[in-house]
Amino acid sequence: KRPTQLIAQPGFAPRAAREAACVPSRRGMTDVASAAAQLSKLSLTSSKKQLNPEAPAAHLTNLEVVLFLDVDGVLHPPNPKHERLQFRRSCMELLREVVQETGATIVLSTTWRLHQDARKYLAARLAEYGLGFVSRTPSIAQFQRPREILAWVRKYSPATWVAVDDWPLHEDGNQLAGHFVQTKARFGLQQDTADKIKALLRQQREALGQSTERPSGGIAAALATALPDGV
C-alpha cells in the first residue's frame, strides 16, 4: 500500500491525514529501500553521525539530550503541494545546527512515525543532512501527543529534553513547561525557534549542575549497536 493509504485510515486524527498527504507514494520515492539499506550500513560503521533509524531499548535509557521531533510545520509547512516543497533546506540546516551544537538524539513524535514506509522515507531525507532518529514515542490516542512524549520520558529518563512542534502542546497543561518550543507552521523551524531549543537544553543542563558543553558518548553508544532493520 501507499503510505498515504496506510496513514489516512479511520481512527486517525485529522493531523495524521494531513501529514500523510505529505508522504510521497512508492512511485515518488526514489529507491527508498536502497536508501534505507545504505542508511543501516552507515549506522553500523559510524559513531559520529546520527544516521541509524532506531536503537535497542537498552541503549535509550538515560540519554543526555533528547529532541522530540515533529515534521509538518517544523521541517516544512503543512500540506506541501509537491514533494520538492518537503524538507525545506533552511529548516533541515537549522535542525542539523541544533543537533551538532547540543549533541541531541532525535526521537520522533510526528505522525510520520506510525508507519514503516513513512519512517524509511523520513530516515532517508534526514540522512541527507547527516541526521537520523533512534526511537519514536508510543501511539496512545488521538490528540495525545503530550502524553505520548511524557510516556517516553518516564520510561527512558533522559537527562535533558525538548519537544518541538507547530501544535500548542503546552495548552494541555504545564507538564511540558521548560521543555517545549512551538514553531510557526507556515515557516517551520527558524533561527529564533532553533535558538530557543538550544537555550532550554542549556538551562536544563545548568539546573542539573552539568557542563553546558556538547555531551558525547551516549549517542555514539546507542548508534554503534543499533538494529539495522529498526526503521
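Residues numbered from 1 in each chain as written. Predicted model: local features only at pLDDT ≥ 70, side-chain atom pairs only at ≥ 80, totals over all residues. Heavy atoms only, no water.

## Considering the packing of helix H4 (residues 89-102) against helix H7 (residues 191-207)
Here comes step 1: The geometry of H4 relative to H7 is characterised by a closest axis approach of 10 Å and an angle of 20° between their N-to-C directions. As judged from the angle between their axes, H4 and H7 are roughly parallel. Here H4 runs over H7; the crossing is right-handed. Counting all contacts with H4, which are made through Leu-94, Glu-97, Val-98, Glu-101 and Thr-102, the residues of H7 involved are Gln-191, Ala-194, Asp-195, Ile-197, Lys-198 and Leu-201. (Axes fitted to C-alpha atoms, helices over the stretch in contact; angles between N-to-C directions. Helix = DSSP H or I, 4+ residues; strand = E, 2+ residues; numbered from the N terminus. Parallel < 35°, antiparallel > 145°, perpendicular 65-115°, else oblique. Left-handed = near helix turned anticlockwise from the far one by under 90°. Contact = heavy atoms within 4.5 Å.)

## Concerning the pairing of strand S1 (residues 65-69)
Here comes step 1: Of all five residues making up S1, five are buried, and the element is well covered by its neighbours.
Here comes step 2: Where S1 and strand S4 (residues 160-165) come together, five bridges link them in parallel fashion. When the bridges of S4 are listed, Leu-67 appears paired with Val-162.
Here comes step 3: Note: S1 against strand S2 (residues 105-108), four bridges, orientation parallel. Among the inter-strand pairings, Val-66 is bridged to a residue of S2, identified as Thr-105. (Buried < 20%, exposed > 50% of the residue type's maximum accessible area, 1.4 Å probe, protein only. Pairing = 2+ DSSP bridges.)

## Considerations on the pattern of salt bridges
Here comes step 1: All told, the structure shown has nine salt bridges when counted by the stated rule.
Here comes step 2: Between Arg-205 and Glu-64 there is a salt bridge whose closest N-O contact spans 4.0 Å. One end of the pair, Arg-205, is in helix H7; the other, Glu-64, is in the loop between helix H3 (32-45) and S1, with 141 residues separating them in the sequence.
Here comes step 3: Relative accessible area serves as the criterion here: at 7%, Arg-205 is assigned to the buried category.
Here comes step 4: Residue Asp-70 pairs with Arg-145 through a salt bridge whose shortest N-O separation is 3.2 Å. Here Asp-70, found in the loop between S1 and H4, pairs with Arg-145, found in helix H6 (residues 145-156); they are 75 residues apart in sequence, far enough to count as distant. You'll find Asp-70 and Arg-145 in the same group, each marked buried.
Here comes step 5: It is possible to trace a salt-bridge network through shared partners that takes in Glu-97, Glu-101, Asp-195 and Lys-198. (Salt bridge = Lys/Arg side-chain N within 4 Å of Asp/Glu carboxyl O.)

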